[in-house]
Amino acid sequence: MEAATEPSVAASQRAVENLAAKLRRRSAESFSSRIPNSPHCSSGQVVGSRETALETLLVLRQVVSKARFSNIEQLVEIIRSVGRKLVEAQPKEYTVGNTVRKVLHHIREEYHTASQGTTTLSTSKPTFSIAKFVSQGQPRKQAAPLRVSHEARGTLMENNPDDPDAFARTLKPVLMEAIQDVFDELETVYDNISKNAKDHIHSDEIILTIGKSNTVAAFLKSAAPYRKYTVIVAETAPTYSGHEMAESLSSAGISTVLVPDSSIYALMSRINKVILGAHAILANGGMFAITGSLLAATAARAHSTPVVVCAGQFKLTPQWNLYHEYGALDFGDPSNVLGFDEGDLVDKVDVMNPFYDYVRPEMIDAYVTNDGDHPPSSVYRLIKEAYDDEDYEL
C-alpha cells in the first residue's frame with residue numbers, strides 16, 4: 001500500500017513545485033510580461049488572476065486526491081502547507097491565498113455535513129437569530145447535504161488503527177465534488193458577472209474605463225446587443241494596456257474612444273459612469289486596481305459620477321492595505337516613467353511606478369460580482385461567508 005501511493009504523492013508534490021516556480025518567475029520578472037512586446041515574456045508563466053486561481057485549484061485538487069490522512073486536521077494542515085508554499089512564491093497575487101481559503105472552507109463544510117449525517121439535518125429546521133447573523137454572516141444554503149453519499153453517512157471514523165486510510169477513502173469523493181463546485185464558479189465567473197450588464201448600462205451613456213480587464217470587457221460586450229453607448233478607454237501609461245482594451249471593444253461593435261490618462265479629469269463632466277476592474281478587494285471594502293484607477297475614481301467623486309467595479313468573488317481577500325496610502329506595495333521599473341536618458345532631471349526627482357492603486361471604499365459605489373451587486377460596506381460579510389476565520393492567516 002505504501003509503495004503504491006509513493007508515485008502519486010510525488011506527482012502531487014511536483015505539481016505544487018511547478019506552479020510555485022511559475023509564480024516565482026512572474027514575480028522575478030517584475031511584471032515585464034504584462035508590458036506589450038516585452039523581451040522577458042515567458043510562455044510558461046501564469047498570467048491573470050482568474051488563470052492563477054484555476055491553476056491553484058488544479059494543484060489543490062491533485063493534492064487532495066493523492067493525500068493520505070486519517071482525520072480532518074491532517075488534511076487541513078496538508079492544504080495549508082501547500083497554500084503557504086504557493087503564496088510565498090508570489091505573495092502579491094492575492095487570488096492564490098483566496099483559492100486556498102475557499103477550498104479549506106468547502107472541506108470543513110463537507111466534513112461537518114458528512115459527519116452529522118443527513119437525518120439530523122433534514123428533520124431539524126434551521127434557527128436564525130440576529131446574534132448568529134452577526135457572528136456567522138448570512139445563513140448558508142441548505143442544499144449541501146444532498147451531496148453526501150450513502151457510504152459517507154454515519155460511517156466516518158477518524159484515526160482508525162485497523163484501516164488508517166478509511167477516513168480519506170470515505171470523504172474524498174465528497175471533497176472532490178466540492179472542489180468541482182469551486183471550479184464551476186471560476187469557469188462561469190465572467191458570464192455570471194455580465195448577465196445583468198444591460199441593467200447597469202443605459203442607451204446613449206458615455207462610460208469610462210481604465211486599462212485592460214477581461215471582466216470589464218465581458219461586462220461591456222454583454223450589454224452591447226441591447227444598448228448603444230460609448231466607451232472612453234484611458235490608455236494607462238506606462239503599460240498602455242488600454243490600447244488592447246480599446247481594440248477589443250471596437251471589434252465587438254462598441255463605439256470606443258482611446259484617450260491619454262491626462263485627459264480623464266477634463267472629460268469627467270461628460271461621463272455618466274466609471275466602470276473599473278479590480279486586482280484584489282480588501283476587507284474594508286477598498287481595492288487594489290491598475291494604476292490610473294485612483295485618478296479616475298477621484299475625478300468621478302469630484303463630479304458625483306458613480307463608480308462601479310466588476311470583479312469575481314474569488315478576488316475577495318481578508319487583508320488590509322497597511323503599506324502605502326495610495327498604492328499597493330508593488331512597484332514596476334521607474335525607467336518606464338522617466339528614463340535615464342533624461343539626464344540631470346533623473347538625479348533631482350524620486351520616481352515611483354506603482355503597478356496597483358489603492359482605491360478607498362468611500363470612492364466606490366458598487367461591486368458587481370458573480371453573486372450579485374454589493375456596496376463596499378457589505379464586503380466584510382461576503383468575506384465572512386466565503387472563508388473561515390482561522391484561515392485568514394495561512
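These notes cover the structure that comes with them. (Residues numbered from 1 in each chain as written. Predicted model: local features only at pLDDT ≥ 70, side-chain atom pairs only at ≥ 80, totals over all residues. Heavy atoms only, no water.)

Focus: the sheet that holds strand β5 (residues 280-281)
Part 1 of the argument: Spatially, three strands are ordered β5-β6-β8 in an open sheet, and the strand pairing comes out antiparallel. Here the strands that pair on one side only, and so sit at the sheet edges, are β5 and β8 (356-359).
Part 2 of the argument: One ladder, built from four bridges, connects strand β6 (residues 287-290) with β8; its direction is antiparallel. What sits directly across from I290, in β8, is Y356. (Pairing = 2+ DSSP bridges. Helix = DSSP H or I, 4+ residues; strand = E, 2+ residues; numbered from the N terminus.)

A closer look at the packing of helix α3 (residues 72-89) against helix α4 (residues 94-116)
Part 1 of the argument: Relative to each other, α3 and α4 sit at 170°, their axes nearing to 9 Å. Taken together, the axes of α3 and α4 lie roughly antiparallel to each other. Judged by residue contacts, I72, L75, V76, I79, R80, G83, L86 and V87 of α3 engage V96, G97, V100, L104, I107, R108 and Y111 from α4.
Part 2 of the argument: Residues belonging to the contact of α3 with α4 are distributed by class as follows: eleven nonpolar, two polar and two charged. (Axes fitted to C-alpha atoms, helices over the stretch in contact; angles between N-to-C directions. Parallel < 35°, antiparallel > 145°, perpendicular 65-115°, else oblique. Contact = heavy atoms within 4.5 Å. Nonpolar A, V, L, I, M, F, W, Y, C, P; charged D, E, K, R; others polar.)

Some details on helix α15 (residues 379-386)
Part 1 of the argument: Counting buried positions over the eight residues of α15 gives seven, a clear majority of the element.
Part 2 of the argument: Burial in α15 covers these residues: V379, R381, L382, I383, K384, E385 and A386. (Buried < 20%, exposed > 50% of the residue type's maximum accessible area, 1.4 Å probe, protein only.)

Quick notes on the packing of aromatic side chains
Part 1 of the argument: Using the criterion set out here, one finds five aromatic pairs in the structure.
Part 2 of the argument: Seen in terms of ring centroids, Y111 and F167 are 6.0 Å apart; in terms of plane orientation they differ by 70°. Their pairing is edge-to-face. Here Y111, found in helix α4, pairs with F167, found in helix α7 (residues 166-187); they are 56 residues apart in sequence, far enough to count as distant. This pair shows no difference in class: Y111 is buried, exactly as F167 is. (Phe/Tyr/Trp six-rings, centres within 6.5 Å; stacked < 30°, edge-to-face > 60°.)

Considering helix α2 (residues 49-66)
Part 1 of the argument: Relative to the 26 Å expected for 18 residues at 1.5 Å per residue, α2 spans 26 Å between its end C-alpha atoms, a close match to the ideal helical length.
Part 2 of the argument: Taken as a whole, α2 has its buried residues at S49, R50, T52, A53, L54, T56, L57, V59, L60, V63 and V64. (Expected span 1.5 Å × (residues − 1).)

Looking at the sheet that holds strand β7 (residues 307-310)
Part 1 of the argument: One open sheet accounts for seven strands, arranged β3-β2-β1-β4-β7-β9-β10; its pairing is mixed. Looking at which strands have only one partner, the edges of the open sheet turn out to be β3 (255-259) and β10 (372-374). Between one strand and the next, the sheet's axes are offset by a mean angle of 25°, whatever the strand orientation.
Part 2 of the argument: Direction of pairing for β7 relative to strand β9 (residues 366-369): parallel, over a ladder of three bridges. From the neighbouring strand, C310 faces β9, where its bridge partner is V368.

Observations concerning the pairing of strand β4 (residues 273-277)
Part 1 of the argument: Within β4, five of the five residues are buried, which leaves the element mostly enclosed by the surrounding structure.
Part 2 of the argument: Burial of the side chains of β4 extends over both faces: K273, I275 and G277 are buried on one face and V274 and L276 on the other.
Part 3 of the argument: Two strands pair when backbone bridges link them, and strand β1 (residues 206-210) and β4 are joined in this way by two bridges, in the parallel orientation. The partner of L208 across the bridge, within β4, is V274.
Part 4 of the argument: Where β4 meets β7, four bridges bridge the pair, whose relative direction is parallel. The residue of β7 that forms the bridge with L276 is V309.

Some remarks on the environment of N284
Part 1 of the argument: Secondary-structure assignment places N284 in the loop between β5 and β6.
Part 2 of the argument: N284 sits in the partly exposed class, given a relative accessible area of 25%.
Part 3 of the argument: Those residues in contact with N284 that lie beyond four places of it in its chain are W320, Y358, P361 and P376.
Part 4 of the argument: For N284, the side chain forms a polar contact with the main-chain nitrogen of G286, separated by 3.1 Å.
Part 5 of the argument: One polar contact links N284 to Y358, side chain to side chain, over a distance of 2.9 Å. (Polar contact = N/O pair within 3.5 Å; in protein donor to acceptor, adjacent residues only side chain to side chain.)

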